[in-house]
Amino acid sequence: MAAAALGQIWARKLLPVPWLLCGPRRCASSNFKAADLQMQMTQEPQKKPSPSEPLVFGKMFTDHMLMVEWSGTKGWGQPRIQPFQNLTLHPACSALHYSLQLFEGLKAYRGRDQQVRLFRPWLNMDRMLRSAQRLCLPTFDKAELLECIRRLVEVEKDWVPEGAGTSLYVRPVLIGNEPTLGIGCVTQALLFVILCPVGSYFLGDSMTPVSLLADPKFIRAWMGGVGDYKLGGNYGPTVLLQREAQKKGCEQVLWLYGPDQQLTEVGNMNIFIYWTHKDGVLELVTPPLDGIILPGVVRQSLLDLAQSWGEFRVAERKITMKELLQALEERRVREIFGSGTACQVCPVHQILYEGKHVHIPTMEHGPELILRFQKELRAIQYGTSAHEWMLAV
């Protein structure tokens, strides 16, 4: 399927992103074209995992990768699909020293009809471009990049596993490759995409609940920062508290923010609460996209699904730890869960807060809403018919 043939569809799917100025638009660049895509096939293909082999997240990679280089003088080079290989970087590479690096995460699914489809990739392209502009990295044509990714997945379609809970994880990365210790807009950059077949992100099945450590001394993101962009620098600093959570018997971290201890995210996931609000209305609520929260693709999908049902109120609003504890005491909370590309929907059953284990009655309630979301998402992702959220490969 040529990029031109998909142009009109993508034009409706991809959102315009306003320029974030980086000096006098120094980071503007030419665009690469999917029509110029070069192909170099591996001569040493790997053995693909058997259907019975467990797929550990992010440990196994496919035979090929997408690579596009950029320079300030020449703009974007020709995109190429090439054998999976190590990168060669200058020791002063700006991505290594100053975290001029961003990434995305999306998935391709094999439907029951054996057709491979990408899940809402337009939203990932929107977010990736926003992140590039925030870091003053070279911009790109979202439709052209998406077509290059589609072509890569097409080459590697035999790597897309078959079975519930499995998928091909797609990881686009854009890094500054400036060979200098000075800080500023880069004159060299590298965009690449790698793929890996994956199963469940957490140990156990998708309905295994997790416990959370909530410690207000640690903050993931703040107003005026970059918490709403998918940058590598947002993730490395979370490892310390993740380790502390595990030491205390918890699987993930509940990130709090501000003097009123607002709930923001769960580990690397968006957070949802399904409860009866204090005004007596049944409600699904998640924190708003106010500059702290990452605009997750699954987050948006759950909001879209819930709004289409019209069975309860759907809200994007700040939620504080005080509100949650009061709702738990008054038995108004039904379910709490995280959402993300890696895990989809993950139930929460306990929060360790101020030395106390706070029980969350998610599993006692079915959990009906989580199961419904999972069923709806799987019907779309693994379905046998076209859906507007899926892009056929």
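Up top is the structure.
Definitions and cut-offs
Residues numbered from 1 in each chain as written. Predicted model: local features only at pLDDT ≥ 70, side-chain atom pairs only at ≥ 80, totals over all residues. Heavy atoms only, no water. Helix = DSSP H or I, 4+ residues; strand = E, 2+ residues; numbered from the N terminus. Rg over C-alpha atoms; globule rule 2.2 N^0.38 Å. Buried < 20%, exposed > 50% of the residue type's maximum accessible area, 1.4 Å probe, protein only. Areas by Shrake-Rupley, 256 points an atom, 1.4 Å probe, with all protein chains shown as cover. Polar contact = N/O pair within 3.5 Å; in protein donor to acceptor, adjacent residues only side chain to side chain. Core = buried A, V, L, I, M, F, W, Y, C linked by side-chain atoms within 4.5 Å. Contact = heavy atoms within 4.5 Å. Phe/Tyr/Trp six-rings, centres within 6.5 Å; stacked < 30°, edge-to-face > 60°. Lys NZ or Arg CZ within 6 Å of the ring centre and 35° of its normal. Axes fitted to C-alpha atoms, helices over the stretch in contact; angles between N-to-C directions. Parallel < 35°, antiparallel > 145°, perpendicular 65-115°, else oblique. Left-handed = near helix turned anticlockwise from the far one by under 90°. Nonpolar A, V, L, I, M, F, W, Y, C, P; charged D, E, K, R; others polar. Salt bridge = Lys/Arg side-chain N within 4 Å of Asp/Glu carboxyl O. Expected span 1.5 Å × (residues − 1). Arc of directions from axis to C-beta. Pairing = 2+ DSSP bridges.

Enquirer: Honestly, the overall build of the chain in this entry has me stumped. Any pointers?
Expert: Within the chain, the secondary structure is distributed over 8 helices and 19 strands. The globule rule puts the C-alpha radius of gyration for 393 residues at 21 Å, and the 21 Å found for the chain is close to it. Referenced to the eigenvectors of the C-alpha coordinate spread, the extents of the chain come out at roughly 65 × 50 × 40 Å. When each of the 393 residues of the chain is scored for burial, the buried share is 54%. Surface summary for the chain: the accessible area is close to 17,900 Å², and the carbon and sulfur share equals 53%.

Enquirer: How do you make sense of the side chain of Glu104 when you look at a structure like this?
Expert: Topologically, Glu104 is positioned in the loop between strand S5 (101–103) and strand S6 (106–110). At 2.9 Å, the side chain of Glu104 forms a polar contact with the side chain of Asn124.

Enquirer: Teacher, can you tell me more about the nonpolar core here?
Expert: When a protein is soluble and globular, its nonpolar side chains tend to lie buried together. Leu66, Leu118, Phe140, Leu145, Val153, Leu174 and Leu191 are the most contacted members of the largest nonpolar core, which has 42 residues in total. Listed by contribution, the elements that provide at least two residues to this core are strand S2 (64–71), S6, strand S7 (116–119), helix H3 (121–134), helix H4 (142–155), strand S8 (167–176) and strand S9 (188–198). Looking at this core, the element that brings in the most residues is H4, giving 6 residues. In this view, Leu66 contacts Leu37, Pro79, Arg80, Ile81, Leu145, Cys148, Ile149, Leu152, Leu191, Phe192 and Val193; residues no more than four positions away in its chain are not counted. Counting residues in hydrophobic clusters, the runner-up holds 27 residues, among them Leu212, Cys346, Val358 and Ile360.

Enquirer: Whenever I open this one, the packing of aromatic side chains confuses me. Can you help?
Expert: Summed over all chains, the structure comprises 11 aromatic pairs. Members of the aromatic cluster, connected to one another through ring pairs, are Phe272, Tyr274, Trp309, Phe312, Phe337 and Phe373. Positioned over the ring face of Trp309 is Arg372, at 3.7 Å from the centre of the ring.

Enquirer: What is the right way to look at the packing of H3 against H4 in this model?
Expert: The geometry of a pair of packed helices is captured by two quantities: the angle between their axes and the separation between those axes. Orientation of H3 relative to H4, taken along the N-to-C sense of each, is 125°, at an axis distance of 10 Å. Comparing the axis directions of H3 and H4 gives the class oblique. The chirality of how H3 crosses H4 is right-handed. Taking contact as the criterion, the partners of Pro121, Trp122, Met125, Asp126, Met128 and Leu129 in H3 are, on H4, Lys142, Leu145, Leu146 and Ile149. When the residues that make up the contact of H3 with H4 are grouped by side-chain class, the tally is 8 nonpolar, no polar and 2 charged.

Enquirer: I keep staring at the pattern of salt bridges and nothing clicks. Help me out?
Expert: Should their charged atoms come close, side chains of opposite charge can pair. This structure, assessed with the given rule, holds 17 salt bridges. As a salt-bridge pair, Glu265 and Arg220 come within 3.4 Å of each other at their nearest N and O atoms. Of this pair, Glu265 sits in strand S12 (residues 262–266) while Arg220 sits in the loop between strand S10 (210–214) and helix H5 (239–247); the two residues are 45 residues apart in sequence, bridging distant segments of the chain. Here Glu265 matches Arg220 in class, with each residue buried.

Enquirer: Is there a simple way to explain the environment of Leu324 in this structure?
Expert: Counting through the fold element by element, Leu324 comes out in helix H7 (residues 321–329). On the basis of relative accessible area, Leu324 is assigned to the buried category, the value being 0%. Counting along the chain gives 135 residues from Leu324 to Ala189, while the straight-line C-alpha distance between them is 45 Å. Excluding residues within four positions of it along the chain, Leu324 makes contact with Leu263, Ile273, Trp275, Val333, Ile336 and Ile351.

Enquirer: Sorry, what's going on with unusual backbone geometry here?
Expert: In terms of backbone geometry, most residues other than glycine have negative phi values and most peptide bonds are trans. Between Gly366 and Pro367 the backbone carries a cis peptide bond, its omega angle lying at -10°. Residue position: Pro367 is located in the loop between strand S18 (356–359) and helix H8 (368–381). The residue Gln261 is not glycine, and still its phi comes out positive at about 55°. Of note, Gln261 is situated in the loop between strand S11 (252–257) and S12. Relative accessible area serves as the criterion here: at 16%, Gln261 is assigned to the buried category. The phi angle at Arg331 is positive, at roughly 60°, despite the residue not being glycine. In this fold, Arg331 is placed in the loop between H7 and strand S16 (333–340).

Enquirer: It is not clear to me how the environment of Lys322 should be interpreted in this structure. Could you clarify?
Expert: Relative to the elements of secondary structure, Lys322 occurs in helix H7. For Lys322, a relative accessible area of 67% translates into the label exposed. Distance from Lys322 to Asn31, taken between C-alpha atoms, is 49 Å for residues 291 residues apart in sequence.

Enquirer: Just checking my understanding: could you explain H8 for this structure?
Expert: An α-helical segment advances 3.6 residues per turn. Residues three or four places apart therefore align on the same side. Taking 1.5 Å as the rise per residue, H8 with 14 residues should run 20 Å; its terminal C-alpha atoms sit 20 Å apart, in good agreement. Among the residues of H8, Leu369, Ile370, Phe373, Gln374, Leu377, Ile380 and Gln381 are the ones counted as buried. The buried residues of H8 occupy an angular sector of 135° when projected down its axis, which confines them to one face. H8 presents Glu368 and Lys375 as exposed residues on the side facing more than 90 degrees away from its buried surface.

Enquirer: Looking at this structure, I do not really get the pairing of S16. What am I missing?
Expert: Residues in a regular strand project their side chains so that they alternate between the two faces of the sheet. Of all 8 residues in S16, 7 are buried, a share of seventy percent or more. Pairing of strand S13 (residues 269–276) with S16, which is carried by 6 bridges, proceeds in the antiparallel orientation. Across the sheet, residue Ile271 finds its bridge partner in S16, namely Gly338. Bridge analysis of S16 against strand S17 (residues 344–353) gives 4 bridges, and the strand direction is antiparallel. Note that in S17 the partner of Ser339 across the bridge is Val345. Count of turn residues in the S16/S17 antiparallel hairpin: 3 residues.

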